[in-house]
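Architecture at a glance
Below are the chains, spelled out letter by letter.
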Amino acid sequence: MSYHRIVKSVQSSSQRAFLFAAAACVLSLGTAPAHADDYDATLKDIQSTMGGVPSFVKQFPKTGLPGAWAEVKAIELSDKTALPPKVKSLISLAVAAQIPCTYCIWSDTQDAKRAGATDEEIQEAVAMAALTRHWSTIFNGMQVDFNTFKTEMGGQ
């Protein structure tokens with residue numbers, strides 16, 4: 001999928017920006033202080049890329065916004081990454097279902113569909129997340145020995 005097509009799909013849904021907020025929350029913890037010029041330039045870039053600046057963006061800490069937006073553009077919105085947009089959306093949806101995050105579930109489902117995911121692929125991504133959570137609960141709750149697990153599963 002081309003960058004232009006990704007941007008168009010982003011522009012078609014301002015709620016898509018919620019994913020940016022989730023990534024921004026993580027990044028803001030380790031971002032160096034930004035200058036007002038960086039913040040203003042970031043707002044202009046968000047406007048240009050998304051066709052608007054969602055109101056929650058202005059609630060985000062100014063010092064974290066430039067770095068957070070850079071990460072979203074470099075990973076989530078870029079077509080120059082190892083994963084195609086559909087796979088990224090399905091992964092994000094599966095994680096969102098586990099958190100759970102209603103905003104992300106809605107947005108990631110829309111993004112996955114725009115990227116060509118079928119209802120069956122969406123359902124399978126969520127089912128895989130549930131299956132992983134299920135077995136993780138068993139392994140951790142029963143305190144299965146990790147080295148034995150690795151050996152029995154073909155590791156060393």
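None of the values given here were measured: they were computed from a predicted structure.

What counts and what doesn't
Residues numbered from 1 in each chain as written. Predicted model: local features only at pLDDT ≥ 70, side-chain atom pairs only at ≥ 80, totals over all residues. Heavy atoms only, no water. Phe/Tyr/Trp six-rings, centres within 6.5 Å; stacked < 30°, edge-to-face > 60°. Helix = DSSP H or I, 4+ residues; strand = E, 2+ residues; numbered from the N terminus. Buried < 20%, exposed > 50% of the residue type's maximum accessible area, 1.4 Å probe, protein only. Expected span 1.5 Å × (residues − 1). pLDDT = per-residue confidence, 0-100. Contact = heavy atoms within 4.5 Å.

Scanning the entire structure with this criterion turns up two aromatic pairs. With 5.8 Å between their ring centres and 35 degrees between their planes, Trp135 and Phe139 make a pair best called tilted. On the criterion of helical spacing, the pair formed by Trp135 and Phe139 is a turn pair, its members being four residues apart in helix α7 (residues 119-141). The exposure class assigned to Trp135 is partly exposed, which follows from its relative accessible area of 41%. Here Phe139 falls in the partly exposed class, since its relative accessible area comes to 30%. Connected via pairs of aromatic rings, a cluster forms that spans Trp135, Phe139 and Phe149.

Another point: helix α5 (residues 85-98). What sets the pattern is the α-helix's 3.6 residues per turn: residues three or four places apart point alike. The terminal C-alpha atoms of α5, which comprises 14 residues, lie 20 Å apart, in line with the 20 Å expected from a rise of 1.5 Å per residue. Looking only at α5, the buried set comprises Pro85, Lys88, Ser89, Leu90, Leu93, Ala94 and Ala96.

Cis peptide bonds are those with omega within 30 degrees of zero, and the linkage from Ile99 to Pro100 qualifies with -15 degrees. The phi angle at Gln143 is positive, at roughly 50 degrees, despite the residue not being glycine. Structurally, Gln143 is set in the loop between α7 and α8 (146-152).

Okay, the confidence of the model for the chain next. When the pLDDT values of the chain are averaged, the result is 84; 78% of them are 70 or greater. Under a pLDDT of 50 for its full length, residues 1-33 has, in the predicted model, 74 contacts with residues more than four places off or in other chains.

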